[in-house]
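Summary of structural features
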Amino acid sequence: MEGKNNGLARGILTLILIVAVFSGILYGVNAYTAPIIEWNDNAALLAPLYTLLPDASGFELLYDYTAPENSSLKDVPSTVRYIHAISENGGYALQLSTTEGFTGDPIDLSFAVDADGKILNAQVDAYPDTKDMGVDEYPLTYIGQDSALADVSIVAGVTYSSSAFRRAVADGFFALTENGLVAEGYKDPVQALTEVLPVVFPGIANNAGVVQTEEIQSTGDKFNSAMKSTIDTGAAFFAGEGDDLYLITVNAFGTVKAYDTKGREITDSVPAEALEQAKADAAASAKDFLKKDTRAFKKLTGDDMELTALSLDTFNSVTGAYKLVSGGNTYYGFTSRTFGFGDMAIVTRYVLDENGAIVKMNADELILEKDYFSNYTLDETSYKEGFQGITESTFTGDETLITGATMTSNAVKTAVQDIFEAFQNLKENGGI
Amino acid sequence: MTEHKSLRMLAAENPSMILILGICPLFGSTADVRAALGMGCLVLVALLASSLIMGLLKHCITRQFVVPAAFLVCAGVVSVLELLFHAWFPGLYQILGVYVSVLSVNLLLFAATADSCEQSVEKAISQALVVGLIFLAVLLSASVICEVFGNASFAGIEIPALKDYKISVLVQPGGALLTGAFLAAVLNAVAEKATSSESVSDWFASSFGNAEKKEESES
């Protein structure tokens, strides 16, 4: 019994001894390795910057996205990860990450600017997308640019990833200019209006924010350029002279609005003739979808349905709004045209009840480019039924997900958001 | 008891191939030969260190304390090695990530450590060496297959001839399992043929010139 107790005590003591010895060893090893690990971590963090600027002697951390509260920089966009001051030239080096590329996986990039706000070098640090935008060459086109990014273009065929790269660089510049680190670059009025267009008229741009238009002929001489959406969501016109250029937008319902180069609405101060001309030119180039929409909504609600066209002053993807009366019930029908795979139109239609809940949804075609998606199968019936009962407040976006068809999923998601915005617009303007 | 011990020794000497024991590092390191080499060496050092410590402590520990002591020793040794590994090989540490920490609960390490309590220090170390080297060989073999055929590269150097024939599944955990299974089949077939009536454990022992172990097994 005594021997057993001795064994127990010895065992417990041994365990305590093991813990004590290892605690001491770990304390010592940690004291030795902690500075080395910290140095390694810093070196790993700065490695892309030394690739970017091999001659730089050092960088001073100004902003770390993991601890923004420790930085004096404010309003830094979420794409910006780190901002370092470059020791030699008063410039700044930025590391960014964007998930707005083609696959949605993070594209990491870094660029450095001098004290005048001109890009010294730019590079892609991680590029998971399958479509190559020219990861080695494309960033070099940014060298010498200021915050206006006036002379950089989007790579044709890789618009999502290249525009994500461009927007990330613009975010980086925003962080620098907003905090007074570099001066804002000069944007000529055409560039400024080109950037204003997708903001004030999102229905004319794809999900990457890239405007998709084709030139149209104006019957008058009031415009510098006239264009219409490639999927018939509306038209846009540049008018004015010199630095006083302005933008006129016309949606699919004929609603006209004008904006200056800062994106402020100036419809009331623009000559009425210019607005009328824009409306007429847009109408002349627009397609009439009334018959097609009528047939489609009859399919959804029944042949006895009576349809009344409504007007909207939203500038999104909604190109048709209707009051539908069927079997004594009143519904509201919306047609949306959004950019899908290859920037082709995904036409979807929704029937909403008077409370704004989706009753039915249909689409002309969900899987475009049948050759490309030759093996793709989608249970369209159950997919469409999944929208029933959804309201603006219950819509999460997950309902639109089609596995393996990201462009279509995003297009339908945009469409649903837009039709709810349109419904709200009708309610506020007394249309409901 | 003899049968039980024999099974344990089988597990300890060729654990990842026979009992599929401690194969966690296989998932984390087979996509890159360098990572496999790093992980294999780490396991080898951890095995040697923990076996040595447990061998030295065997007179202080009664049977009921072997398991908790082995856990403490494994965790302590792995924690120390992890810190050193993180400091000296940051690139490899980045690749292996959580798999290094997970070593402290690796059954292969634990089995060998616990076993050391029942043997002399020399024997414990020689057994740990054999187990560690076999594990290193298995990891390296698997990683060569996975990296060459799954990634068309060897130790990060691209093999242009294989670029268009990549079997990408091989660099994923599933691929590591498939390769492990393939290696296990080959190794077991060879071992079975080589040993006929004697145990796999004996065959490994004789292969590595561990005559002492063989004698004990025969007796």
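In the block above lies the structure referred to throughout.
The following paragraphs examine the structure supplied in this document. (Residues numbered from 1 in each chain as written. Chains lettered and ligands numbered in written order. Predicted model: local features only at pLDDT ≥ 70, side-chain atom pairs only at ≥ 80, totals over all residues. Heavy atoms only, no water.)

**Here we look at the overall build of chain B**
Going by this rule: Under the DSSP-based scheme used, a helix requires at least four consecutive residues in state H or I and a strand at least two consecutive residues in state E, with every element numbered from the N terminus. A 1.4 Å probe rolled over the protein chains alone gives each residue an accessible area, and that area as a share of the maximum for its type sets the label: buried under 20%, exposed over 50%, partly exposed in between. Accessible areas in this description were obtained via Shrake-Rupley with a 1.4 Å probe; residue shielding takes into account the shown protein chains only.
A count of helices and strands for chain B gives 12 helices and two strands. Reading chain B from its N end, one meets helices and strands in the order α-α-α-α-α-α-α-α-α-β-β-α-α-α. The buried share of chain B, reckoned over its 219 residues, is 49%. When the accessible surface of chain B is summed, it comes to about 10000 Å², and 68% of that surface belongs to carbon and sulfur atoms.

**Quick notes on a nonpolar patch on the surface**
Residue and element names in this part refer to chain A. Basically, it comes down to this: Residues forming no salt bridge and having over 30% relative accessible area are the ones grouped into patches, like charges within 9 Å of each other and nonpolar side chains (Val, Leu, Ile, Met, Phe, Trp, Tyr) within 5 Å. For this document, the term salt bridge refers to a Lys or Arg side-chain nitrogen within 4 Å of an Asp or Glu carboxyl oxygen.
Together, L8, I12, L13 and I16 make up a nonpolar patch on the protein surface, roughly 370 Å² of accessible area in all. Tracing the backbone shows I12 in helix α1 (residues 2-52). Exposure remark for I12: the relative accessible area of 41% places this residue in the partly exposed category.

**Observations concerning the interface of chain A and chain B**
Operational definition: Throughout, a residue-residue contact means that at least one pair of heavy atoms, one from each residue, lies within 4.5 Å. Residues adjacent in sequence count toward polar contacts only when both atoms are side-chain atoms; beyond that, a polar contact is any pair of N or O atoms within 3.5 Å, and within protein one must be able to donate a hydrogen and the other to accept it.
At the junction of the two partners, chain A supplies 20 residues and chain B supplies 22 residues. Connecting chain A to chain B are zero salt bridges. Counting across the interface, chain A meets chain B through four residue pairs in polar contact (both at pLDDT 80 or more).

**A few points about the side chain of T319(A)**
Residue and element names in this part refer to chain A. As for its placement among the helices and strands, T319 is situated in strand β12 (residues 318-326). In terms of polar contacts, T319 uses its side chain to reach the side chain of R337, at 2.7 Å. Setting aside residues up to four positions removed in sequence, T319 forms contacts with D232, T233, A252, F253, T335 and R337.

**With respect to the packing of aromatic side chains**
Residue and element names in this part refer to chain A. Just so we agree on the cut-off: Whether two aromatic rings pair depends on their centres lying within 6.5 Å, for rings of Phe, Tyr and Trp, where Trp uses its six-membered ring; planes under 30 degrees apart make the pair stacked, over 60 edge-to-face, and the rest tilted. Two conditions define a charge sitting above a ring: the NZ of Lys or the CZ of Arg must be within 6 Å of the ring centre, and it must be within 35 degrees of the ring normal.
Applying the stated rule across the entire model yields 15 aromatic pairs over all chains. Between the aromatic rings of Y50 and F59, the centroid separation amounts to 5.1 Å while the plane-to-plane angle is 75 degrees, which identifies the pairing as edge-to-face. Here the aromatic cluster, defined as three or more aromatic residues joined through ring pairs, consists of Y138, Y142 and F165. The ring of Y65 has R81 sitting right over it, with the charged end atom 4.2 Å from the ring centre. One residue, R337, lies across the ring of F289, its end atom 3.4 Å from the ring centre.

**With respect to the sheet that holds strand β15 (residues 358-363) of chain A**
All names here are of chain A. For clarity, the threshold we go by: Paired strands, as defined in this entry, are two strands with at least two bridges between them according to DSSP. Axes, fitted as lines to C-alpha atoms, cover a helix only where it is in contact. Angles between the N-to-C directions of the axes lie from 0 to 180 degrees.
The strand order across the open sheet built from five strands is β11-β12-β13-β14-β15, with neighbouring strands paired in antiparallel fashion. Here the strands that pair on one side only, and so sit at the sheet edges, are β11 (306-309) and β15. Across the sheet, the mean angle separating the axes of adjacent strands is 25 degrees when strand polarity is ignored. Relative to strand β14 (residues 345-352), helix α5 (residues 290-301) is tilted by about 50 degrees, and along the sheet it contacts β11, β12, β13 (329-339), β14 and β15. Docked against the sheet, helix α7 (residues 406-428) engages β12, β13, β14 and β15, running at close to 135 degrees with respect to β13.

**So, the pattern of salt bridges**
Residue and element names in this part refer to chain A. A full pass over the atoms with the stated rule returns 12 salt bridges over all chains. Two residues, K228 and D232, come together in a salt bridge whose shortest N-O distance is 2.8 Å. Among the residues examined, K228 registers a relative accessible area of 9% and is labelled buried. For D364, the salt bridge goes to K292, with nearest N and O atoms at 3.4 Å. With a gap of 72 residues between them, D364 in the loop between β15 and α6 (380-385) and K292 in helix α5 connect regions that are remote in the sequence. For D364, a relative accessible area of 41% translates into the label partly exposed. Each of the salt bridges in this network shares a partner with another, and the network as a whole consists of E214, K228, D232 and K287.

**Focus on the sheet that holds strand β1 (residues 59-64) of chain A**
Residues and elements named next belong to chain A. Taken together, five strands build an open sheet; the order of strands is β1-β2-β3-β4-β5 and the sheet is antiparallel. Edge strands, defined here as strands with exactly one partner in the open sheet, are β1 and β5 (119-126). The mean inter-strand angle of the sheet, taken between neighbouring strand axes irrespective of direction, is 20 degrees. Here six bridges tie strand β4 (residues 107-113) to β5, and the two strands are oriented antiparallel to one another. Opposite A112, over in β5, you have N121 as the bridge partner. Its contacts with the sheet place helix α2 (residues 159-178) against β2 (80-86), β3 (92-98), β4 and β5, and it is angled at close to 45 degrees to β4.

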